[in-house]
Amino acid sequence: MSDTQEIMLVDAEQQQAGESQDLKNYVASVDAPIALKYIAAGRIAQSVVSVLVREISEQRLSNVFDICAVGNYLVEEECGKIFKNVEEKGVANPTCVDVNNCIWGYSPVERENAYVLTNGDIAKISLGVHIDGYSSLVTHTLVVLPTVPVLEQTAPTTGVVADVVCATHLATEAVVTLLGTTLQHAGTPSGFFGARKVNGLRIKEVVENVAKAFKVKILPGSQVRRIKRFLVGQDTVHEVDVKGYAWGALSIEEATDDPEEGDLKKLIDSEAAPELGEAWVVDLAMCSFSGLQADLNPRNEFQVSRRTIKPHRALKPTIFTRDYSKSLSMKLKSARGVLTEIDNRKSVFPFHLSALETEGAPLGVAALVKMGILSPATVFTVQGAPGTPVSSRTRTTVLLAPSVKYGGELVRLSGGEIAPSWVHSEYEITDAEILELLDEKRAGVRVRNIGAVELEVPALEGEEEDAAMEIE
Amino acid sequence: MATTAAAAAAASAAEAVLYTCNSCAVGFPTADLQRRHMKTDWHRYNLKRRVATLPPISAEIFAERVLQQMDVTRQNEERASYLSVCRACGNKRFTSAGAYENHISSARHRENAKRAEENRAAGGEGEEEETGSSSSAAAAGSSNVPQIAKDSLAGSALTVADAERETSFKALSFRETRVGGGKKTLRRNHIGPDAAADTESTVSSSSSAAQKRPARKPQAPPKEEEEEESFDAEDEDEDIDAIIARKLKNAVKLPVTACIFCSAANFADVNANVNHMRKDHGFYIPEQDYLVDLEGLITYLSEKVSIGNACLYCAFIGRNLNSVRDHMIAKRHCTIPYDTEDDRMELSDFYDFSSSYPEGYEGSGDDEWDDVSGDEAEAAEEEGEGAGKTVATAAATESTLFLDPSGYELSLPLAGLRIGHRSLARYYRQSLRPTPELREGQSTVIAANSRPTIGAAVTYDPVRDRATKKLWKDQRTKKNQDIRREMRYINQQKHFRDPMLGG
């Protein structure tokens, strides 16, 4: 661990006080306070995800309801400890655990009917943290092997599961490095990788090459895009100047195969290059492919059709986002109460139904959804004609931070340093460019991973953890 | 031009007269001539006469009058540069040499001079008559005052005078304007208790002189007086004196316990009288809280009516007390005008608004007086504070009183009160929902959203609405038209008959 990395791992509170001289050197840039908030959010996200991964691997948490509850609790708890003068902070994305072919939005409200993880499941743990609107989103794919503790695992998981996990992980790493080439890096001039410019289309090419190598398909809704303060791609906000690339459309809800139909496609600018000081989210989801041509997107053979993604039949949405473009006065009392609570206490980010304290909140929420004031996050699953496909998803947030010392460095706010599950795919990447992006040197790009800190898990099952916060 | 028009009109009288002027009772052969006629002074004069329901005058008479009027103007100008004062006869002013010489030789002057001589001998103080010509400006001012005074008092006589006998049409318009300002001039002359006494003393001598020369004029009926008067400067001042004297002599002195508007009298006190006037005549005294001299106010008003024979509310001057009373009751003018600054200033002697001034008013100097802009003064006036002193109040306490730049809101120093203009009362009465304060995230998201906001700003645009409805209607009409057309032609197809079948 390098000395620079240690600086990054100083406790967020300490960072806020600005005591460390090295830290001062680091943050002596225009966006220093903003970078601090991003890093603080990233650290919390990292910490919570690693706690959850560990708890699941060590078989202490298996019920999805518990996982989500612990995740949300920890995020709120940790956010409460830092940046006391910042009002808006907390959950940027409620904890979801999507299992197997489920790809987005499963976060049950009842413990009784919630899914319990079993051997061989692919669980995608998603969460997001924001401090003053500066958010870090993370999704980690975990192959659950409850019977075998991770460290005693003797053989890797193989097969289709290994293919999708490998593909998403490697594609994400490659894209992260590619984004880093925007900054000053060894060899080629900044903004270029190889002889070509880095932009949304280049990212698309890299991702699709990885997917092709592992014979998996990209799911609609995957995106690599720039995020801004308070704007992380909520369904309710239609931004106009979004950089990056999105497969399908900006959101799964709006995704369509027909370019004429989906005007939103035009909203993302694939030509624009990433710039210093921006934060980007790399959100890639892939699934196994049955081989049926009809399941493919007619315009992009590396992407499955929108028709393969269907809302879950039984699961109702539990995550909602307020649509601030609509304001109507509601007749139902609980609806009015919910609306007031959201406007006063919740922010512009998605929130979980259980986070509402208003009496009769579900009823009010239903009324608000009907009026379009709340936008529900539908639980989506991938459906294939012969058999159920397996899906994997990796999401990571990076900050193209300006740095005095190095003229800019890529800070991987979340998603780095958490080891993927041990899998072994029979395929491998042969493309030299992508291999260069993935190797140890990372094509000369300086990458800093924000590490996790140890968190105290709330005593759900009578377990005691060490409360000490220590640097990893 | 007038003459040419008239000549043209006369020449074309025999021909078919197509265009006429009803005001001047002339005809014109062409529209152009008629149009030119409409621009002439003659036509305008006749139009004024027509408004006054008088018959039109011919172009020749009009030309004569114009010449006459030019003479008068010239005389006035000459007179304006001359001023002489006779001290013996109560500082009597003469604006022409002839009038002064006439006056010196008059019996009245001789008598006055003799009396003055005696007084001087008794008091040991000499007073000689002074004659001198002053600057034209001063002369103009001094010559104006008695003229207006005369006019206001002799207004009734002028009003009833037959306009046929008028000497010039300019005099007509002049009289109109002066009668309009009658109330104002009356006030300026101030027929208060003191002033009335003064006038009486000065006029008493003239009236006695008039009695000695009965042939001169006071007994002459108003019509002839008017006719004779014309613009002869020599007799003018004597006329005024005579009128004032007559007025004062005929005046019925009303006590404070007598009603101003009717013959009811002998009330127990002023309050009873005011009560009666309020109940029976709707007479309302404004700003009663600040009224300090009720008796003085009533005395002033009753003198205005009884001596000046002037209506309280409008510029009407009655012939006598009864006529002005009839006027006030018939027109419901039994009220004190209190709308304008002048009206308030007229009565300000009887009021004391000092109790309404904010604290510290006395302390602050008058330095800020000059800074008061028109708006501020106006706004302060709008607060209903009454007399012009309010303006001074607002100015003097400018530091504590703050007027909104728009001029519609005034902040008071007391407990941070704010006074709004009454024209905006409907907006102050609204109880609007407070605008929700957006948090940073919310405003960011709203600003970033490219979709049109629904529900927040659904506005009704009547123009667009009408356009839409018209479009629908047009479409409907078109559709119906098409259907009708189709129906008409649907059975017009020729019946097919096979020629082989014959018949």
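Residues numbered from 1 in each chain as written. Chains lettered and ligands numbered in written order. Predicted model: local features only at pLDDT ≥ 70, side-chain atom pairs only at ≥ 80, totals over all residues. Heavy atoms only, no water.

**Observations concerning the overall build of chain B**
What counts here: The helix and strand labels rest on DSSP assignments: H or I over at least four residues marks a helix, E over at least two residues marks a strand, and numbering proceeds from the N terminus. Contacts are assigned to residue pairs that have any heavy atoms within 4.5 Å of one another. Each accessible area is a Shrake-Rupley estimate made with a 1.4 Å probe; only the visible protein chains count as cover when residues are assessed.
The helix and strand tally for chain B stands at 22 helices and eight strands. When contacts within chain B are restricted to residue pairs at least 6 apart in sequence, long-range pairs at least 24 apart make up 53% of them. Taken as a whole, chain B presents about 31300 Å² of accessible surface, with 52% of it coming from carbon and sulfur.

**Focus: the packing of aromatic side chains**
Working definition: an aromatic ring pair is given by the centre-to-centre distance plus the angle between the planes. Residues and elements named next belong to chain B. Using the following cut-off: Planes of paired rings set the category: under 30 degrees apart is stacked, over 60 is edge-to-face and the rest tilted, where pairs are Phe, Tyr or Trp rings (Trp by its six-membered ring) whose centres lie within 6.5 Å. With a 1.4 Å probe rolled over the protein chains alone, any residue whose accessible area is under 20% of its type maximum counts as buried; one over 50% counts as exposed, and the rest are partly exposed.
For the coordinates displayed, the defined rule picks out ten aromatic pairs over all chains. Between the aromatic rings of Y338 and Y351, the centroid separation amounts to 6.4 Å while the plane-to-plane angle is 45°, which identifies the pairing as tilted. Linking Y338 in the loop between α16 (321-330) and α17 (341-347) with Y351 in the loop between α17 and α18 (374-382), this pair joins segments that are 13 residues apart in sequence. With respect to burial, Y338 and Y351 carry one shared label: buried.

**A word on the sheet that holds strand β18 (residues 380-382) of chain A**
Residue and element names in this part refer to chain A. Stated precisely, the cut-off is as follows: Should DSSP find at least two bridges between two strands, the strands are regarded as paired. Axis lines are fitted through C-alpha atoms, for helices just across the contact stretch, and the angle between N-to-C directions can take any value from 0 to 180 degrees.
Pairing within the open sheet is antiparallel, and its three strands lie in the order β2-β18-β14. In the strand order of this sheet, the two ends are held by β2 (102-104) and β14 (309-311), each with one partner. If you compare each strand with its neighbour and ignore which way they point, the axes differ by 40° on average. Bridge analysis of β2 against β18 gives two bridges, and the strand direction is antiparallel. Note on β18: the bridge partner recorded for W104 is F380.

**Digging into the side chain of H327(B)**
Take H327(B): it is sitting in helix α16. What H327(B) contacts, discounting residues up to four positions off in sequence, is C311(B), C314(B), F316(B) and H333(B).

**Let's talk about the environment of G360(A)**
All names here are of chain A. Here G360 shows up in the loop between β16 (351-352) and α9 (361-370). For G360, a relative accessible area of 36% translates into the label partly exposed. Between the alpha carbons of G360 and A335 there is a distance of 8.5 Å; along the sequence they are 25 residues apart.

**Re the interface of chain A and chain B**
Defined as follows: A quick way to say it: buried area is the sum, across both parts, of accessible area lost when two parts are put together, with a 1.4 Å probe. Criterion for a salt bridge: a side-chain nitrogen of Lys or Arg within 4 Å of a carboxyl oxygen of Asp or Glu.
Listed as interface residues are 22 residues of chain A and, on the opposing side, 16 residues of chain B. Interface area, chain A with chain B, both sides summed: about 1700 Å², of which 53% is carbon and sulfur. Three residues stand out in chain A for area buried against chain B, namely H238(A), Y324(A) and S325(A), and they jointly supply 31% of the buried area on that side. Between E440(B) and R229(A) there is a salt bridge, with its nearest N and O atoms 2.8 Å apart.

**A few points about the UniProt feature "domain: C2H2-type" (unreviewed entry) in chain B**
Operational definition: UniProt positions are given in the numbering used here, feature names are shortened, and annotations may be inferred rather than shown by experiment.
With numbering aligned to this structure, UniProt lists the feature "domain: C2H2-type" (unreviewed entry) at residues 21-43 of chain B. Secondary structure content for residues 21-43 of chain B is 48% helix and 17% strand, and the end C-alpha separation is 9 Å.

**Considering the sheet that holds strand β6 (residues 402-403) of chain B**
Spatially, β6-β7-β8 (chain B) is the arrangement adopted by the three strands of the open sheet, whose pairing is antiparallel. Taken across any chain shown, the strands that pair with only one partner, and hence form the sheet edges, are β6 and β8 (418-420) of chain B.

**With respect to helix α2 (residues 31-38) of chain B**
Going by this rule: As used here, the arc belongs to the directions running from the helix axis to the C-beta atoms.
Buried residues of α2(B): L33(B), Q34(B) and H37(B), and no others. Angularly, the buried residues of α2(B) cover 100° about the axis, an arc narrow enough to put them on a single face.

**Things to note about unusual backbone geometry**
All names here are of chain A. Here the phi dihedral of K215 falls at roughly 55°; this positive angle occurs in a residue that is not glycine. Examined against the element boundaries, K215 turns out to sit in the loop between α7 (200-213) and β7 (216-218). The exposure class of K215 is exposed, given its relative accessible area of 52%.

**Structural notes on the pattern of salt bridges**
Residue and element names in this part refer to chain A. The full count for this structure, using the stated rule, is 32 salt bridges over all chains. Its salt-bridge partner being D132, residue R229 comes within 2.8 Å of it at the nearest N-O pair. Of the two residues, R229 sits in the loop between β8 (223-227) and β9 (242-246) while D132 sits in the loop between β3 (122-131) and β4 (134-143), which places them 97 residues apart along the sequence. Neither residue differs from the other here; R229 and D132 are each classed as buried. With a shortest N-O distance of 3.6 Å, R226 and E278 are connected by a salt bridge. Of the two residues, R226 sits in strand β8 while E278 sits in the loop between β10 (268-269) and β11 (279-288), which places them 52 residues apart along the sequence. In this structure R226 comes out as partly exposed when scored by relative accessible area, which is 25%. It is possible to trace a salt-bridge network through shared partners that takes in R54, E55, E58, R60 and E454.

**Comments concerning the packing of helix α6 (residues 160-180) of chain A against α7(A)**
When two helices pack together, their arrangement is given by the angle between the helix axes and the distance between those axes. Residue and element names in this part refer to chain A. Note the threshold: Roughly parallel here means an angle under 35 degrees, roughly antiparallel means over 145, roughly perpendicular means 65 to 115, and every remaining angle is called oblique. The crossing is said to be left-handed when, going from far helix to near helix, the turn is anticlockwise and less than a right angle, and right-handed when the turn is clockwise.
Orientation of α6 relative to α7, taken along the N-to-C sense of each, is 155°, at an axis distance of 9 Å. With respect to their mutual orientation, α6 and α7 come out roughly antiparallel. α6 and α7 meet at a crossing whose hand is right-handed. On α7, the residues that touch A167, L170, A171, A174, V175, L178 and L179 of α6 are R202, I203, V206, V207 and V210.

**Looking at the nonpolar core**
Residue and element names in this part refer to chain A. What counts is decided by this rule: For our purposes a nonpolar core is just a set of buried Ala, Val, Leu, Ile, Met, Phe, Trp, Tyr and Cys residues, chained together by side-chain atoms within 4.5 Å.
Counting 43 residues, the largest nonpolar core has L179 and V207 as the members making the most contacts within it. Counting only elements with at least two residues in this core, the list comes to α6, α7, β7, β11, β19 (391-401) and α10 (432-438). At twelve residues, the largest contribution of residues to this core is made by α6. In contact with L179, other than residues within four places in its own chain, are I203, P274, W280, V282, V398, L400 and L410.

**Details of the confidence of the model for chain A**
All names here are of chain A. Where we set the bar: A score from 0 to 100, pLDDT tells how confident the predictor is in each residue.
Residue-level pLDDT values for chain A average 81, and 83% of them are 70 or greater. In this model, residues 1-30 is a region of pLDDT below 50 whose contacts with residues beyond four sequence positions or in other chains number 52 contacts. Taken as a whole, residues 461-472 scores under 50 in pLDDT and shows 24 contacts with residues more than four places along the chain or in a different chain.

**Topic: the pairing of strand β20 (residues 409-414) of chain A**
Residues and elements named next belong to chain A. Applicable threshold: Looking down the strands as they point away from the viewer, one classifies a crossover as right-handed if the path from the first strand across the helix to the second runs clockwise.
In terms of burial, β20 is largely enclosed, as six of its six residues are buried. Relative to β20, β19 runs antiparallel, the two being bridged by five bridges. Within the sheet, the bridge partner assigned to A401 lies in β20 and is E409. With three bridges connecting them, β20 and strand β21 (residues 447-449) associate as parallel partners. Residue pairing in the sheet places R412 in a bridge with N449 of β21. Viewed along the sheet, the connection from β20 through α10 into β21 turns out right-handed.

**Re the confidence of the model for chain B**
All names here are of chain B. Confidence in the prediction for chain B averages 68 pLDDT; 60% of positions are at 70 or higher. Note on residues 125-234: pLDDT under 50 across the span, and 136 contacts to partners over four residues away in sequence or across chains. Scored below 50 in pLDDT, residues 362-396 shows 50 contacts in the model against residues more than four places distant or in partner chains. Listed scores for the predicted complex are pTM 0.52 and ipTM 0.78.

**Points about the side chain of T172(A)**
Residue and element names in this part refer to chain A. Threshold: By the criterion applied in these results, polar contacts are pairs of N or O atoms within 3.5 Å in which, for protein atoms, one can donate a hydrogen and the other can accept it, and in which residues neighboring in sequence qualify only through two side-chain atoms.
Inspection of the secondary structure assignment puts T172 in helix α6. Overall, T172 belongs to the buried group, its relative accessible area being 0%. Among the polar contacts listed, one links the side chain of T172 to the backbone oxygen of T168, at a separation of 2.6 Å. The contact partners of T172, leaving out residues within four places of it in the chain, are V282, L284, T394, T396 and R412.

**Side note on the environment of R422(B)**
Secondary-structure assignment places R422(B) in the loop between β8 and α20 (425-428). Along the chain, R422(B) and E409(B) lie 13 residues apart, while their C-alpha atoms are 9.7 Å from each other.

**Describing helix α5 (residues 97-105) of chain B**
Listed in full, the buried residues belonging to α5(B) are A99(B), Y100(B) and H103(B). The arc that holds the buried residues of α5(B), viewed along the axis, is 100°, so those residues lie on one side.

**Some thoughts on the packing of helix α8 (residues 333-345) of chain A against α9(A)**
All names here are of chain A. Stated formally: Gly counts as polar in this scheme, as do all residues outside two lists: the nonpolar Ala, Val, Leu, Ile, Met, Phe, Trp, Tyr, Cys and Pro, and the charged Asp, Glu, Lys and Arg.
Running from N to C, α8 and α9 cross one another at 85°; their axes reach a closest spacing of 7 Å. With respect to each other, α8 and α9 are oriented roughly perpendicular. On α9, the residues that touch S334, A335, V338 and L339 of α8 are A361, L363, G364, V365, A367 and L368. Broken down by class, the residue content of the contact of α8 with α9 amounts to eight nonpolar, two polar and no charged.

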